[in-house]
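Structural overview for review
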Amino acid sequence: LSSDGKTVAIGSPRNGVNAEESGQVRVFEWDKVSNKWNKKGNALQGASANDNLGRSVSLSSDGKVVASGSPKRDANGPDSGSVSVFEWNEDSNQWSPKGTDLDGESADGRLGTSVSLSSDGMVVAIHVLHLLSLPTSTVHLYPISSPGKQ
């Protein structure tokens, strides 16, 4: 939920539009004139079967950056997980990737089980179930940059 309460992102990790349980995230914006929630831009789709995009979702304070976890994505081994960050593009009225996906380091890490964006959408905190087969649970902080920016 954005800080003003007018934008909300909702994850549906078992959605199968792309593939079975690939997952989906939709963003809605409150329209006070019509007194209803309207879809904002394109739905964000999981890449492959069983990715579970939308298992975790976080919005920046202004509602213009959304991060979502795909903890079962096989980026670097089975269920290594991944987090995708998208930024609202005013020109196209669509969500565009912000930087590259953040992929889990090893099998069964399930990166993205939970995510939390900073209020300005420039840093994302990501839960990792365990890292390199250690029986632990950790949180990692990642700076986010837009394509072409450092």
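Residues numbered from 1 in each chain as written. Predicted model: local features only at pLDDT ≥ 70, side-chain atom pairs only at ≥ 80, totals over all residues. Heavy atoms only, no water.

What about the overall build of the chain?
In plain terms, the rule: Helical segments are the DSSP runs of H or I of at least four residues, strand segments are the runs of E of at least two, and each set is numbered from the N terminus. Between the two quantities, the radius of gyration covers C-alpha atoms and the globule rule is 2.2 Å times the number of residues to the power 0.38. Three labels apply to residues, based on accessible area from a 1.4 Å probe with only protein chains included: buried if under 20% of the type maximum, exposed if over 50%, partly exposed otherwise in between. Residue contacts are defined here by distance: any two heavy atoms, one from each residue, within 4.5 Å place the two residues in contact. The method behind every accessible area is Shrake-Rupley, applied with a 1.4 Å probe, and residues are considered shielded solely by the protein chains displayed. In this charge count, Lys and Arg are treated as positive and Asp and Glu as negative; neither His nor the chain ends contribute. A charged residue contributes its charge at one atom only: NZ of Lys, CZ of Arg, CG of Asp or CD of Glu.
For the chain, the count of helices and strands is zero helices and twelve strands. Its helices and strands in sequence order give the chain the pattern β-β-β-β-β-β-β-β-β-β-β-β, from N to C terminus. On C-alpha atoms alone, the chain measures out to a radius of gyration of 15 Å, which is about the 15 Å that the 2.2 N^0.38 rule sets for 150 residues. Taking the principal axes of its C-alpha atoms as reference, the chain extends roughly 50 × 35 × 25 Å. The proportion of buried residues among the 150 residues of the chain is 39%. Long-range contacts, defined here as pairs at least 24 residues apart, represent 44% of the contacts in the chain between residues at least 6 apart. Surface summary for the chain: the accessible area is close to 7900 Å², and the carbon and sulfur share equals 49%. Of the side-chain charges in the chain, 14 are positive and 17 negative, and the distance between the mean point of each set is 7 Å.

Points about the pairing of strand β8 (residues 94–97)
Going by this rule: When DSSP finds at least two bridges between two strands, those strands are taken to pair.
The pairing of strand β7 (residues 82–89) with β8 spans four bridges and is classified as antiparallel. In the strand pairing of β8, F86 is matched with P97.

Re the packing of aromatic side chains
Rules: Stacked, edge-to-face and tilted labels apply to pairs of Phe, Tyr and Trp rings (six-membered ring for Trp) whose centres lie within 6.5 Å, assigned for plane angles under 30 degrees, over 60, and everything in between, in that order.
Enumeration according to the criterion identifies two aromatic pairs in this entry. Aromatic pair W30 and W37: ring centres 5.3 Å apart, planes at 65°, arrangement edge-to-face. Taking relative accessible area as the criterion, W30 reaches 31% and is therefore assigned partly exposed. Each ring, one from W88 and one from W95, has its centre 5.1 Å from the other, and the planes form 65°; the classification is edge-to-face.

Some points on unusual backbone geometry
Generally, phi is negative for residues other than glycine and the peptide bonds are trans, each holding for most cases. With a phi close to 55°, N93 is a non-glycine residue in the positive phi region. Assignment of secondary structure puts N93 in the loop between β7 and β8.

Quick look at the pattern of salt bridges
Threshold: One side-chain nitrogen of Lys or Arg within 4 Å of one carboxyl oxygen of Asp or Glu is enough to make a salt bridge.
This model, assessed by the stated rule, comprises five salt bridges. For the salt bridge of K64 with E90, the shortest nitrogen-to-oxygen distance reads 3.7 Å. Here the residue K64 occupies a position in the loop between β5 (56–59) and β6 (65–70), and E90 occupies one in the loop between β7 and β8, the gap between them amounting to 26 residues. Among the residues examined, K64 registers a relative accessible area of 35% and is labelled partly exposed. Between D79 and R110 there is a salt bridge, with its nearest N and O atoms 3.2 Å apart. Of the two residues, D79 is situated in the loop between β6 and β7 and R110 in the loop between β9 (102–103) and β10 (115–117); the sequence distance between them amounts to 31 residues.

Overview of the environment of G69
Checked against the element boundaries, G69 lands in strand β6. Each C-alpha atom of the pair G69 and S84 lies 6.5 Å from the other, and the pair is 15 residues apart in sequence. The residues contacting G69, other than those within four sequence positions of it, are N52, L53, G54, R55, S56, S82, V83, G112 and V115.

Some details on a nonpolar patch on the surface
So the rule is basically this: Only residues above 30% relative accessible area that lack a salt bridge enter a patch, with like-charged residues linked at up to 9 Å and the nonpolar side chains Val, Leu, Ile, Met, Phe, Trp and Tyr linked at up to 5 Å.
Nonpolar side chains collect at one region of the surface, where M122, V123, V139 and L141 lie side by side and expose about 360 Å² of accessible area between them. Here L141 is to be found in strand β12 (residues 138–143).

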